[in-house]
Amino acid sequence: MASFSEYVFPETIEEAYALNQKRSSVIVAGNMWLRMCGLRKKTAIDLSRLGLDGITEEGDAFTLGAMATLRDLETHPALAREYGGAFGEALSPIVGTQFRRTATVGGSVYSRFGFSDVSALLLALDARVLLHARGETPLRDYQREPWDRDVVLGVRIPKGRRAAARSVRLCSTDLPLLVCAASLGPDGLRLALGARPGRAMIVAEGLPADADEAAFAAIARDVPLGGNRRASEDYRRRVAPVLMARAAAAVRGEERA
Ligand SMILES: Cc1cc2nc3c(=O)[nH]c(=O)nc-3n(C[C@H](O)[C@H](O)[C@H](O)COP(=O)(O)OP(=O)(O)OC[C@H]3O[C@@H](n4cnc5c(N)ncnc54)[C@H](O)[C@@H]3O)c2cc1C
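J.: I tried to follow the site of the ligand on my own but got confused; where do I start?
T.: Close to the ligand lie 35 residues, the nearest being I27, N31, T104, S108 and D117. Within the contact set of the ligand, an oxygen atom lies 2.8 Å away from a backbone nitrogen or oxygen of N31. R169 places a side-chain nitrogen or oxygen 2.9 Å from an oxygen atom of the ligand. Expressed as a share of its isolated accessible area of 970 Å², the protein-covered part of the ligand is 92%. With 5 residues, helix α6 (residues 105–111) is the largest single contributor of residues to the shell around the ligand. When residues are assigned to domains, the shell around the ligand turns out to be shared by domain 1 (3–45) and domain 2 (55–251), each giving three or more.

Spelled out as structure tokens, the structure:
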């Protein structure tokens, strides 16, 4: 269980950022991960009063606020319309509804978990992370960086792509053994893998829309996959092309199972 000496609700982003520069401070979003960490910090910085919980649609993009919950994404009608239900598909297997009503976009993106359904889908959609100090940065770069003390304000995702996500789990609600998110736009098919195990990454871009199983098998031979106590590397390498083919079929509108 995490414990803090003081619990602060900053009134501005600048205040939150300044507080977060101290090693004795930590940002609290939904507290769903932090509370399990046994962390002891002087100051907890709660972002919940900063108006970061919106999902807005402007022109050619959506902005997902850092404090929007996974359930907000999963049930948002405009996101469902634009991305063909991909947020529902990708996020509904995560733990349970009550959990997803509290876990946030910011906590998920900042943490860069090696089992993330969230990051895999956002990568497939070419998301950009909105950071207070640094500004906008591509998620694909952010995924490779060490944890820092900037504040995630939200995520921007361009419109114009259909998306789908497929995962394999030992049982529903468990952590994924492997995740594949796909998106299809004017520049072709993009695939991202999560739970490799390791931070999610883009594994293919600009593939033809009708890429076939041989193409997916070739990609799966070379992508960085590993083993852990949940699944071996060999298992993941066999499952990867199957998930890629299923996600690709879904974005082509061939199946939505
Ligand atoms: C039991 C369990 C099972 C899970 N299963 C899955 C799964 O199957 N698939 C999946 O994708 N995810 C899974 N997750 C991760 C989950 O979806 C959330 O990403 C995670 O719990 C983060 O929760 P939170 O948003 O409450 O963030 P918190 O726990 O509050 O914070 C997490 C970290 O992010 C930092 N942080 C939070 N917000 C910001 C911000 N705006 N700016 C900078 N730093 C910030 C915090 O300081 C902390 O270090 C699981 C988590 C748990 C606990």
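From this point, things continue past the structure.
J.: How should helix α7 (residues 117–124) be read in this particular structure?
T.: Residues spaced three or four apart along an α-helix point in a common direction, a consequence of the helix completing one turn every 3.6 residues. Taking burial as the measure, the 8 residues of α7 include 8 buried ones, the bulk of the element. Within α7 the residues assigned to the buried category are D117, V118, S119, A120, L121, L122, L123 and A124. Where α7 starts, the residue carrying a side-chain oxygen 3.2 Å from the main-chain nitrogen of V118 turns out to be S116. Phi turns positive one or two residues past the end of α7, at D126, with a value near 60 degrees.

J.: What is the right way to read the sheet that holds strand β12 (residues 201–207) from this model?
T.: One key point about sheets: their strands pair by backbone hydrogen bonds, in either a parallel or an antiparallel sense. Taken in spatial order, the 4 strands line up as β9-β10-β11-β12 in an open sheet, and their pairing is antiparallel. Either end of the sheet is taken by a strand with one partner, and the two such strands are β9 (162–169) and β12. Within this sheet the neighbouring strands show an average axis-to-axis angle of 15 degrees, counted without direction. The pairing of strand β10 (residues 176–185) with strand β11 (residues 188–194) spans 7 bridges and is antiparallel.

J.: Could you clarify how one ought to interpret the domain arrangement of the protein in this entry?
T.: Frequently, the measure chosen for interface size is the accessible area that the parts lose on association. Parsing the protein into structural domains produces domain 1 (3–45) and domain 2 (55–251). Averaged C-alpha coordinates put domain 1 and domain 2 at centres separated by 26 Å. With 14 residues of domain 1 in contact, the opposing surface of domain 2 contributes 14 residues. Interface area for domain 1 against domain 2, summed over the two sides, is near 1200 Å², with a carbon-plus-sulfur share of 73%. Where domain 1 packs against domain 2, one counts 0 salt bridges. Our count for the contact surface shared by domain 1 and domain 2 stands at 4 residue pairs in polar contact (both at pLDDT 80 or more). Breaking the side of domain 1 that touches domain 2 down by element, the ones donating at least two residues are α1 (13–20) and β2 (25–28).

Cut-off values and rules
Residues numbered from 1 in each chain as written. Predicted model: local features only at pLDDT ≥ 70, side-chain atom pairs only at ≥ 80, totals over all residues. Heavy atoms only, no water. Near = heavy atom within 4 Å. Polar contact = N/O pair within 3.5 Å; in protein donor to acceptor, adjacent residues only side chain to side chain. Areas by Shrake-Rupley, 256 points an atom, 1.4 Å probe, with all protein chains shown as cover. Helix = DSSP H or I, 4+ residues; strand = E, 2+ residues; numbered from the N terminus. Domains from an automatic or database assignment. Buried < 20%, exposed > 50% of the residue type's maximum accessible area, 1.4 Å probe, protein only. Pairing = 2+ DSSP bridges. Axes fitted to C-alpha atoms, helices over the stretch in contact; angles between N-to-C directions. Contact = heavy atoms within 4.5 Å. Buried area = accessible area lost by both parts, 1.4 Å probe. Salt bridge = Lys/Arg side-chain N within 4 Å of Asp/Glu carboxyl O.

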